[in-house]
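# A closer look at the structure
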Amino acid sequence: MKFSGKNVLITGASRGIGAQIAKILAQMGLKVWINYRSKPEIADALMSEIVAAGGQAAVVKFDVTDEDEFIKAINLIVECDGELSYLVNNAGITNDKLALRMKTDEFTGVIDANLTSAFIGCREALKVMSKKRFGSVVNIASIVGEMGNAGQVNYSASKGGMIAMSKSFAKEGASRNVRFNAITPGFIETEMTAVLSDEVRASYEQNIPLKRMGSAEEVAYGVAFLLSDYATYTTGEVLKINGGLYM
């Protein structure tokens, strides 16, 4: 991949899909800023792994739901590197429950962690990137933001909102040469899916045209493409990485 920028901030990057995104982008020559909220040992281990492989990495601790912390982190990155070239809004949580039993704070808690945090990131990135008339943002949404899912009203709403928000930011950022796109992963092999029973896994895979779950690496390569110079005429788009489950 070709990149005109030099660094990237990845939220929720210490494990899972975020960690794989960090590894892939570091391999492609970007300095990766690994955001984490807790368990610094995991983030530090990822940074050490990237550096040992010849890449550049740094860790930055902040809670994405804390607006002041998020803004300070972006300012720190700009202070250290002179710019923020790319942003991947990956951090998110789930709190699954049938809607009839879901309390309002259980709904808004997921919205704040997944959608409001991404809004803060997009807004602050646009401010910084506009100064150089260059930048690219990828928001990690979800297939359930497109098709919905029982028991995930809050999560589906947050990810569906992220898709619409990406398109709106794309319209505002275009005149400043700042691109915004979204990715909607389907069932991906992560720590969360690793706990599924063989029976449940088989039932999921039966409904996927490619008959398997995806890998975090496959999502990471999609992120790399949308950030890169190979996608300079792509903005406001949704890249589906779901094995054909939702077309």
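Each value, and the rule that gives it
- Residues numbered from 1 in each chain as written.
- Predicted model: local features only at pLDDT ≥ 70, side-chain atom pairs only at ≥ 80, totals over all residues.
- Heavy atoms only, no water.
- Helix = DSSP H or I, 4+ residues; strand = E, 2+ residues; numbered from the N terminus.
- Rg over C-alpha atoms; globule rule 2.2 N^0.38 Å.
- Buried < 20%, exposed > 50% of the residue type's maximum accessible area, 1.4 Å probe, protein only.
- Contact = heavy atoms within 4.5 Å.
- Areas by Shrake-Rupley, 256 points an atom, 1.4 Å probe, with all protein chains shown as cover.
- Lys, Arg positive; Asp, Glu negative; His and termini not counted.
- Charge placed at Lys NZ, Arg CZ, Asp CG, Glu CD.
- Phe/Tyr/Trp six-rings, centres within 6.5 Å; stacked < 30°, edge-to-face > 60°.
- 1 Å grid on protein atoms, 1.4 Å probe; cavity = no way out; pocket = protein on both sides within 12 Å on 5 of 7 lines; lining within 4 Å.
- Points joined across faces, edges and corners; volume = space filled by probe spheres on them.
- Nonpolar A, V, L, I, M, F, W, Y, C, P; charged D, E, K, R; others polar.
- UniProt positions renumbered as here; feature names shortened; annotations may be inferred.
- Core = buried A, V, L, I, M, F, W, Y, C linked by side-chain atoms within 4.5 Å.

A tally of regular secondary structure across the protein chain gives nine helices and seven strands. The C-alpha radius of gyration of the protein chain comes to 17 Å, within 12% of the 18 Å expected for a compact globule of 247 residues. Counting only residues that meet the buried cut, the protein chain has 48% of its 247 residues in that class. Restricting the contact set of the protein chain to residue pairs at least 6 apart, pairs at least 24 apart contribute 74%. With an accessible surface of roughly 11700 Å², the protein chain has 52% of that area assigned to carbon and sulfur atoms. Where the 26 positive side-chain charges of the protein chain centre and where its 27 negative ones centre are 5 Å apart.

Applying the stated criterion to the full structure yields six aromatic pairs. Ring centres 4.9 Å apart and planes at 40° place the aromatic pair F62 and F70 in the tilted group. F62 sits in the buried class, given a relative accessible area of 2%. Given the relative accessible area of 0%, F70 is considered buried. On the basis of an interplanar angle of 75° and a centroid distance of 5.8 Å, the ring pair of Y86 and F134 is categorised as edge-to-face. Taken together, the residues Y86 in strand β4 (residues 86-89) and F134 in the loop between α4 (104-132) and β5 (135-140) connect sequence positions 48 residues apart. Judged by relative accessible area, which is 0%, Y86 ranks as buried. Residue F134 is classed as partly exposed on the basis of its relative accessible area of 24%. By way of ring pairs, the aromatic residues F3, Y86 and F134 are connected into one cluster.

With that out of the way, let us pick up the layout of surface pockets. Put simply, the largest pocket is a space of about 1500 Å³. Lining the largest pocket are 45 residues, with G92, I93, T94, Y155 and M192 positioned closest to its centre. Contributing elements (two or more residues each) for the lining of the largest pocket: α1 (16-27), β2 (31-36), α5 (144-147), α6 (153-173) and α7 (191-194). In the lining of the largest pocket, the residues fall into 21 nonpolar, 18 polar and six charged.

This paragraph deals with the side chain of S14. Within the fold, S14 resides in the loop between β1 (7-10) and α1. Residue class for S14 comes out buried when judged on its relative accessible area of 14%. Ignoring anything within four residues of it in the chain, the contact list for S14 reads A19, I34, N35, Y36, I42, A43 and L46.

On to the UniProt feature "domain: Ketoreductase" (unreviewed entry) in the protein chain, then. UniProt records the feature "domain: Ketoreductase" (unreviewed entry) for residues 6-186 in the present numbering. When the span residues 6-186 is considered, its composition is 52% helix and 19% strand, and the gap between its end C-alpha atoms is 29 Å.

Among soluble globular proteins, nonpolar side chains are generally buried collectively. Within the largest apolar cluster, 33 residues are counted, with the highest numbers of intra-cluster contacts made by V8, I10, I21, L25, V32 and L227. Counting only elements with at least two residues in this core, the list comes to β1, α1, β2, α2 (40-52), β4, β5 and α9 (216-227). Membership of the second largest hydrophobic core comes to 31 residues, among which are A58, V128, A141 and F169.

The next point concerns empty space enclosed by the protein. Vacant regions in the atomic arrangement are exposed by a probe of water-molecule size rolled over the atoms. Inspection of the entire model under this criterion finds one cavity of 30 Å³ or more. Estimated volume of the largest cavity: approximately 30 Å³. Considering each element in turn, the lining of the largest cavity owes the most residues, three residues, to α4. In terms of residue class, the lining of the largest cavity is built from four nonpolar, five polar and no charged.

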